[in-house]
Amino acid sequence: QVQLVESGGGLVQAGGSLRLSCAASGSIFSINDMGWYRQAPGNQRELVATITSGESTNYANSVKGRFTISRDNTNNTVFLEMNSLKPEDTAVYYCNADVRIRPSRTTYRYWGQGTQVTVSS
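These notes cover the structure that comes with them. (Residues numbered from 1 in each chain as written. Predicted model: local features only at pLDDT ≥ 70, side-chain atom pairs only at ≥ 80, totals over all residues. Heavy atoms only, no water.)

1. A word on the packing of aromatic side chains
For clarity, the threshold we go by: Think of it this way: a Phe, Tyr or Trp ring, Trp meaning its six-membered ring, pairs with another when their centres are within 6.5 Å, and the plane angle makes it stacked under 30 degrees, edge-to-face over 60, tilted otherwise. Numbering goes from the N terminus for both helices and strands, where a helix is a DSSP run of H or I of at least four residues and a strand is a run of E of at least two. Each residue gets one of three labels from its accessible area relative to the maximum for its type: buried under 20%, exposed over 50%, partly exposed in between, using a 1.4 Å probe on protein chains only. Ring-over charges, as used throughout, are those where CZ of Arg or NZ of Lys falls within 6 Å of the ring centre and within 35 degrees of the ring normal.
What the rule picks out here adds up to 2 aromatic pairs. The interplanar angle of 65° and the centroid separation of 5.2 Å between the aromatic rings of Tyr37 and Trp111 together place this pair among those described as edge-to-face. Taken as a pair, Tyr37 in strand β4 (residues 28-39) and Trp111 in strand β10 (residues 107-111) lie far apart in primary sequence, 74 residues in all. The exposure class of Tyr37 is buried, given its relative accessible area of 17%. Residue Trp111 is classed as partly exposed on the basis of its relative accessible area, which comes to 35%. Each ring, one from Tyr108 and one from Tyr110, has its centre 6.4 Å from the other, and the planes form 65°; the classification is edge-to-face. Judged by its relative accessible area of 42%, Tyr108 falls in the partly exposed class. Tyr110 gets classed as buried once you look at its relative accessible area, which sits at 16%. A cation over a ring is seen here: Arg19 above Phe79, with NZ or CZ 4.1 Å from the ring centre.

Quick look at the structure:
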């Protein structure tokens, strides 16, 4: 069993910054891709950013230049640094990870429980 626990969400004014963290724990052999998604009320969940085990990154056009994804492989943690926040960034943010579990080394995708980010104008 693998758990992903997110932290760092909250309320911030437009133009402000937040840093999200997501720590994976449990029966982990290794972690491949990790990522952040978000879902605003009435909208589908959308990709924000992803990072491979080799630390190649990919961003949604809407956050390029403002958000930075990074990871700490030693501690199985992924981060999302969010700067120049806009009201349209308001959403529940979810992390995910493609985890090779012990002992089978089969890969499964796991999701965190979500953390609310609210940006006021």
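2. Concerning the environment of Asn96
Convention followed: The contact rule is simple, with two residues in contact once any of their heavy atoms fall within 4.5 Å.
Mapped onto the elements of the fold, Asn96 is located in strand β9 (residues 91-101). Once residues within four sequence positions are removed from consideration, Asn96 is found in contact with Leu4, Asp33, Met34, Gly35, Tyr37, Arg109, Tyr110 and Trp111.

3. Describing the side chain of Glu6
We count it as follows: In this charge count, Lys and Arg are treated as positive and Asp and Glu as negative; neither His nor the chain ends contribute. The term salt bridge refers to a side-chain nitrogen of Lys or Arg lying within 4 Å of a carboxyl oxygen of Asp or Glu. Two N or O atoms count as a polar contact when they lie within 3.5 Å, although within protein this holds only if one can serve as hydrogen donor and the other as acceptor, and sequence-adjacent residues are included solely when both atoms are side-chain atoms.
Tracing the sequence through the fold places Glu6 in strand β1 (residues 2-7). No salt bridge is formed by the buried Glu6. Its closest oppositely charged neighbour is Arg45, at 7.7 Å. In this structure the side chain of Glu6 is engaged in a polar contact, spanning 2.6 Å, whose partner is the backbone nitrogen of Cys95. Looking at Glu6, its side chain comes within polar contact range of the main-chain nitrogen of Gly114, at 2.4 Å. Residues in contact with Glu6, not counting those within four places in the same chain, are Ser21, Cys22, Trp36, Tyr93, Tyr94, Cys95, Gly112, Gln113, Gly114 and Thr115.

4. Concerning the pattern of salt bridges
Taken as a whole and assessed by the stated rule, the structure comprises 5 salt bridges. Salt-bridge contacts for Arg19 lead to Glu81; the nearest nitrogen and oxygen are separated by 3.5 Å. Of the two residues, Arg19 sits in strand β3 (residues 18-26) while Glu81 sits in strand β8 (residues 77-82), which places them 62 residues apart along the sequence. Classification of Arg19 by relative accessible area gives partly exposed; the value is 45%. Asp98 serves as the salt-bridge partner of Arg109, at 2.7 Å between the closest nitrogen and oxygen. Of this pair, Arg109 sits in strand β10 while Asp98 is found in strand β9, placing the two residues 11 residues apart along the sequence. Taking the relative accessible area as the measure of exposure, Arg109 reaches 46% and is therefore partly exposed. Within this structure, Arg38, Glu46, Arg66 and Asp89 form a network of salt bridges that share partners.

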